[in-house]
Amino acid sequence: MLTTRRKFVAVSAAAMTSSQFNHATGPGDTIRIGLIGPGGMGSNHLRALVARQDVQVSWICEVDKARLAQAAAEVGKTGREPKTTKDMRHVFGDKEVDAVLIATPDHWHTPAAILALDAGKHVYVEKPCSHNIREGKLLVEAAKRSGRVLQVGTQSRSAPHLQEAMAKLKGGAIGEVLCAKAWNSQKRGNIGKTKPAKPPENLDFEMWQGPAPRGPYRTNMLPSIWRWWKAYGCGDIGNDGVHELDIALWGLGVTTHPERIQGAGGKYFFEDDQQFADQMYCSFEWNPNGTPLKRKMLVYEQRDWSPYVQEGHENGNAWYGTKGMLVLGKASGWTLFGERNKKLAERSGKIDIKPHHDNFFEAIRGKAKANAPAEVGHLAATIAHLGNLSVALGRTLEFDAKAEKFSRDREADALVGRTYEPGHWAVPRG
Ligand SMILES: NC(=O)c1ccc[n+]([C@@H]2O[C@H](COP(=O)([O-])OP(=O)(O)OC[C@H]3O[C@@H](n4cnc5c(N)ncnc54)[C@H](O)[C@@H]3O)[C@@H](O)[C@H]2O)c1
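Residues numbered from 1 in each chain as written. Predicted model: local features only at pLDDT ≥ 70, side-chain atom pairs only at ≥ 80, totals over all residues. Heavy atoms only, no water.

A.B. asks: Please provide a residue-by-residue account of the domain arrangement of the protein chain, values included.
C.D. replies: Partitioning the protein chain into domains gives domain 1 (5-157 + 356-370) and domain 2 (159-192 + 209-350 + 382-413). The C-alpha-based centres of domain 1 and domain 2 are spaced at 27 Å. The interface is formed by 18 residues belonging to domain 1 together with 30 residues belonging to domain 2. Looking only at domain 1, the three residues that lose the most surface to domain 2 are Ile133, Ser156 and Arg157, adding up to 38% of its buried area. Scanning the region where domain 1 abuts domain 2 turns up 1 salt bridge. Residues aspartate 246 and arginine 157 are paired through a salt bridge, measuring 2.9 Å at the closest nitrogen-oxygen approach. Where domain 1 touches domain 2, the interface holds 9 residue pairs in polar contact (both at pLDDT 80 or more). (Domains from an automatic or database assignment. Contact = heavy atoms within 4.5 Å. Buried area = accessible area lost by both parts, 1.4 Å probe. Salt bridge = Lys/Arg side-chain N within 4 Å of Asp/Glu carboxyl O. Polar contact = N/O pair within 3.5 Å; in protein donor to acceptor, adjacent residues only side chain to side chain.)

A.B. asks: Tell me what's going on with the site of the ligand, and back it up with residues and numbers.
C.D. replies: Near the ligand, the surroundings consist of 27 residues, among which Met41, Glu62, Arg67, His109 and Lys127 are the closest. Taking histidine 109, its side chain carries an N or O atom lying 2.9 Å from an oxygen atom of the ligand. Side-chain polar atom of glutamate 126 to a nitrogen atom of the ligand: 3.0 Å apart, as the coordinates give it. Protein coverage of the free-state accessible area of the ligand, which is 840 Å², stands at 92%. Among the secondary structure elements, those contributing two or more residues to the shell around the ligand are α2 (40-50) and α8 (205-209). Partitioning the shell around the ligand into residue classes produces 11 nonpolar, 10 polar and 6 charged. (Near = heavy atom within 4 Å. Areas by Shrake-Rupley, 256 points an atom, 1.4 Å probe, with all protein chains shown as cover. Helix = DSSP H or I, 4+ residues; strand = E, 2+ residues; numbered from the N terminus. Nonpolar A, V, L, I, M, F, W, Y, C, P; charged D, E, K, R; others polar.)

A.B. asks: Can you tell me about the packing of helix α9 (residues 241-252) against helix α11 (residues 374-393), naming the residues and giving the values?
C.D. replies: Orientation of α9 relative to α11, taken along the N-to-C sense of each, is 120 degrees, at an axis distance of 9 Å. Our classification of the angle between α9 and α11 gives oblique. Taken as a pair, α9 and α11 cross one another with a handedness that is right-handed. Residues Val242, Leu245, Asp246 and Leu249 of α9 pack against Val376, Leu379, Ala380, Ala381, Ile383 and Ala384 of α11. A breakdown of the residues in the contact of α9 with α11 according to their chemical character gives 9 nonpolar, no polar and 1 charged. (Axes fitted to C-alpha atoms, helices over the stretch in contact; angles between N-to-C directions. Parallel < 35°, antiparallel > 145°, perpendicular 65-115°, else oblique. Left-handed = near helix turned anticlockwise from the far one by under 90°.)

A.B. asks: An account of helix α6 (residues 133-146) is requested, with residue identities and associated values reported.
C.D. replies: With 14 residues, α6 extends 20 Å from end C-alpha to end C-alpha; this agrees with the ideal 20 Å at 1.5 Å per step. Residues Ile133, Glu135, Gly136, Leu138, Leu139, Val140, Ala142, Ala143 and Ser146 constitute the buried set of α6. Looking at the buried side of α6, the elements it contacts are α5 (109-118), β6 (150-152) and α11. Structurally, the start of α6 carries an N-cap: the backbone nitrogen of arginine 134 is 3.4 Å from a side-chain oxygen of asparagine 132. (Expected span 1.5 Å × (residues − 1). Buried < 20%, exposed > 50% of the residue type's maximum accessible area, 1.4 Å probe, protein only.)

Below you can see the structure in the form of structure tokens.
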């Protein structure tokens, strides 16, 4: 049965009080972490966490009984049994917990992260950090008011070879960076067409849906396929695309949302239940009415039906400056070109989650700043949401970047947020 907001207020009030007595996180202390959602990516996180000496996985929270047992057994191999639950409020209410790692589907990211921050926990939340623009804004506010560390799961931010490329761009290696490109071209699968069905026995589908409005279970929602359903995911632009978008923004050097968005695309290939475009071309402009050298543009390309890679890289980025360009493949490395395509520098490298975990734990210990804080995650996720909105509405959007609204476009403005399951304890307020 659904727990009401009133009941939750009591639970979270207890959590707030207990957070004042959070376990210390000095340089030599073990950080106690709760993992929420040990699914596909959550299991990757778990393997990396149990390999660490400075961290103890003290809770596993999972709404699928089989996955819960599997993850608990993984932690058990370290000789320390974790506590287990399907209700994340138990994790947030435990004063011994310092931090949580949230690897649930997207519709839970912001609601769970806000509850955790307000309960005094440090938070690592998977990308995209929000399911919609309004939630991202609320997350930024919650991170600020909590004073806790928030790290978004865009692990490229902690990759040394990417940091080096970004330093080159910032240092003027290609002159003024006026344009960036991010692409996501790969071959995805057809998810088929299904009818509502009974959820599997081992899954608490009520808890899985959480604050999202109640809808039917379908056999092509799990595992991981929920990302193509609007109630739970953000399409591939918010999935793999958001990594490239984040890297593009980083190199472009922008710290605000774009003001003009022009998206084109749709379902060009798949005839199935997917509710998002498999083909997208979107441009995002900063200062679109500005003077030369004061404007910037990001172009996003997505083809989810491509059995070949684009420009040498499955997923990649390019930055175009007034003196040269830099081309980067997330999984391979980057090359810097000067005028007339003269090769000036190159570096290979791969992206791994360990350095991003290291940075998160160092930030908790006060030895570093989070490389992907809420503001950074919110900017990248907002690009994904804006791209989806422009493609879905089929027209150019003018965004009030400061107010985070479509001030002159009611139809678009109604889509800045989402609808929730009425009265659910995890509905984010603000
Ligand atoms: N950073 C990366 O490179 C990367 C890569 C893949 C996925 N991801 C992100 O990781 C997240 C998970 O993706 P996935 O492919 O692993 O999906 P998944 O469906 O395999 O895993 C999600 C897990 O969360 C569980 N869950 C759902 N609601 C829950 C709740 N209320 N409490 C506890 N557990 C709950 C599900 O049962 C499932 O096991 C997504 O947001 C995705 O974008 C990130």
